[in-house]
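Close look at the chain arrangement
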Amino acid sequence: MTRPAPRVVEALNAALHRLFEERSSLHLLGEDVRDPYGGAFKVTRGLSARHPDRVLSTPISEAGITGVAGGLALAGDQAIVEMMFGDFAALAFDQILNLISKSVTMYGERVPMPVVVRCPVGGNRGYGPTHSQSLQKHFLGVPNLALYETSPFHDPYVQLVEGLDRGPSMLFEDKVLYTRRMFRDGVVDEHHRYALRGGSTGWAHISPMDGTAADVVLICPGGTAHRALDAARLLRPRGIAAHVLVPARLYPLDLEPVLPLLADARLVAVAEESTEGGTWGADIAARLHTRIWAQLRSPVLLLNSADSVVPTAPHLEARVLLGAELIADEIEAGVARSLPPRTPAALPPAAPLTAAGPEIAEAGSAEPAAGVPVAVPKLNNNDTAYLVLRWFADDGAHVDEGDPLVELETSKAVEEIAAPAAGHLRVRAAEGSEVGVGELLAELLAEPSAAPVPATAPPPAPEPGTDVRTHVLDRAQQGTAAVVTRAHREVPVAFAAVEVTVDTVLARLRALSDESGAEVGLPEAVVKAVAAAHPAFPHLFGTLVDERTVRLADTVDIGVTVDAGNGLYIPVLRDCAGRSLADLSDDLMDFRLKAFRAEFTAGELSGGSLSVSLNTEPGVLFVQPIVMAPQLCMVSVGGPLTRLVLQDGAPASTTVVTLGLAYDHRVVNGRDAVAFLRTVADALHHAEKLVELGDPQ
């Protein structure tokens, strides 16, 4: 089996080990960088064991550390400084600005200054205002000081070598990248590829596999690369082809290798996590406006985080930091400003209306659509019909092309449908009705309809004199309510539960987290144990086709519940049987970040063969989930509980969790349910075997 690409933290660690083997004069200074701690983010793991005299854990004085590094360089040695958090580079600004960078040229001859200052930066980790900033912009334009940023496309060894040899320099490392894997062999995913332009410390150019030319070129440093890719995926169904450019070096800036691509684009955008004002993106915009203004069809679009400190609370942090959804929305608006209107995409033929009324369009009616039809698109591969949740405009109201029109609820998510053209809305499917793929939702008329059709009946007015208090469900909860209603209507659910001791597996997971750099916990272990039970219980992972037939799943794709306080999501972990716990941990971390920003795509929320409800907060006794049609089962896992037991006649404490299984009683009986849970529990008891499953040999 091909070994997976290393994580960014592993690539950085390997680069440092290689440099220390090659350069006998190289030193590393920082707080807690020696083993067994190996740095706050484990980048320096193992270095002090091999080079004890050259890896120095220092007192807490960023100015002192950086000053010593400058002194080592002036004396003919080389030095790498690790800031525990990049925010603390502000404390070393004087040494960087007035000693290290100026020493290169202020003594009458050029003096080598092989110093690299490494800075973990960025938010999305809940570390709060003084540990989550992106400070790159504050070091731009310092003479002799080069700025680099790690990315999943660029070899950090090459960045460090160039940074030392041309020194001094700074290497910014976005913390969210540490647990992500490097891309390799020119492949990003099934839809995107990448190539390097301008050499190994040049630009990574990410483009569609099908060779589609760029409507938009989105420039971003490495820490925002995954958000830029997610934005490109969001823009694809909106008819906008986005290419992404990720640099290895931020400053000095070399735009020559990518100027032809930028000149041909209809819109150029720069996305970075810093707040606006004096930014790297502003520097790029100024240079592009000077170089290729005649070719640009719109000013360069600058995208930044909100003008705020970075909050600690995840839901507030998500509102401040730049996310994929905002990037996609701003680019879509920018394209609309810079390009002529496009011809609306061809829609499927509208289904005619029934003689019984306009609520749901069905085949067999003679009344044709009178305006631009809005038909039900195919939103996923699981459903043939969807629930109309809400119309954003009243019947008869005028809407513009691209305006949000209606929300449809699928078995996995709530999808928003935009108006394909401008016109007066004539609603053809009422809120609360179910519509099939290809059926008519509405028409967009050139003139208002003479007889508007109400989409919903108004709620009854309260009795005079009564004081009525109400709580209106938000959009996300309305979607959850619709899914729950459908599940209870369609699936006859039964439930079973068992208690499982987890001391051994929790201890092994802690060790695995230290070994791999991934944050592996009980949720990943339960998902892996459930996947391991698939060969013995394939019908629990299937789909009911009719009263006597179950379609079995080809791969074990498991949905997991993620609730970040702004709605319940069930994104799907793919191929859980064939992948390691560390890989699943990477995906779960992505899911949690996307949940904070409500940035899931329909594809990420569809296709699961079974789901797991994660409720692992301490003290949660057990949870009885529902079954999400068309699935047949959902596993639940409660929080860890402490039990007092007798061991060899003496009292001892042990940690347990409750595993539950909600199952479709038409397919699964109680005996199978209990046997399945015991198989999952047995996998959790054999922690070492569970860790080995899916790992390449």
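Residues numbered from 1 in each chain as written. Predicted model: local features only at pLDDT ≥ 70, side-chain atom pairs only at ≥ 80, totals over all residues. Heavy atoms only, no water.

**Description of the overall build of the protein chain**
A tally of helices and strands in the protein chain yields 16 helices and 32 strands. Out of the 697 residues belonging to the protein chain, those deemed buried represent 54%. Counting only contacts in the protein chain whose residues sit at least 6 apart along the sequence, the fraction spanning at least 24 positions is 71%. By element, 54% of the accessible surface of the protein chain is carried by carbon and sulfur atoms, the whole surface being about 30,000 Å². (Helix = DSSP H or I, 4+ residues; strand = E, 2+ residues; numbered from the N terminus. Buried < 20%, exposed > 50% of the residue type's maximum accessible area, 1.4 Å probe, protein only. Contact = heavy atoms within 4.5 Å. Areas by Shrake-Rupley, 256 points an atom, 1.4 Å probe, with all protein chains shown as cover.)

**Regarding the pairing of strand 5 (residues 146-149)**
For a regular strand, side-chain orientation follows a simple rule: the groups alternate between the two sheet faces. Every second residue of strand 5 is oriented toward a common face, with Ala146 and Tyr148 on one face and Leu147 and Glu149 on the other, all of them buried. In this structure, strand 5 lies alongside strand 6 (residues 169-174), joined through 4 bridges in parallel fashion. Directly across from Leu147, in strand 6, lies its bridge partner Met170. Between the parallel elements strand 5 and strand 6, the chain passes through helix 5 (residues 156-166) in a crossover that is right-handed. (Pairing = 2+ DSSP bridges. Right-handed = clockwise from strand over helix to strand, strands pointing away.)

**Observations concerning the sheet that holds strand 21 (residues 440-445)**
By definition, the strands of a sheet pair up through backbone hydrogen bonds, in either a parallel or an antiparallel sense. Strand order in the open sheet formed by 4 strands is 14-21-19-16, and the pairing between neighbours is antiparallel. Among the strands making up the open sheet, the edge pair consists of strand 14 (372-375) and strand 16 (398-399). By the bridge criterion, 4 bridges tie strand 19 (residues 423-427) to strand 21 in an arrangement that is antiparallel. Bridge pairing links Arg426 to Glu443 in strand 21.

**As for the environment of Glu10**
Looking at the element boundaries, Glu10 is found in helix 1 (residues 8-22). Separated by 33 residues in the primary sequence, Glu10 and Val43 have C-alpha atoms spaced 7.3 Å apart. Contact partners of Glu10, with chain neighbours within four places excluded, come to Arg181 and Ser516.

**Here we look at the packing of aromatic side chains**
In the structure shown here, the tally under the stated rule is 12 aromatic pairs. For the pair Phe85 and Tyr127, a centre-to-centre distance of 5.6 Å together with 90° between the ring planes defines the contact as edge-to-face. With Phe85 in the loop between strand 3 (78-82) and helix 4 (93-100) and Tyr127 in the loop between strand 4 (115-121) and strand 5, this pair connects stretches of sequence that are 42 residues apart. Judged by its relative accessible area of 32%, Tyr127 falls in the partly exposed class. The positively charged end of Arg18 is found above the aromatic ring belonging to Tyr157, 3.7 Å away from the centroid. (Phe/Tyr/Trp six-rings, centres within 6.5 Å; stacked < 30°, edge-to-face > 60°. Lys NZ or Arg CZ within 6 Å of the ring centre and 35° of its normal.)

**Notes on the side chain of Glu273**
Tracing the chain through its elements places Glu273 in strand 12 (residues 267-275). Its relative accessible area of 7% is what places Glu273 among the buried residues. Polar contacts involving the side chain of Glu273 include one to the side chain of Arg227, which spans 2.8 Å. In this structure Glu273 touches Gly122, Gly123, Asn124, Ser132, Ser134, Asp174, Thr224, Arg227, Ser305 and Leu321, once residues within four positions along its chain are discounted. (Polar contact = N/O pair within 3.5 Å; in protein donor to acceptor, adjacent residues only side chain to side chain.)

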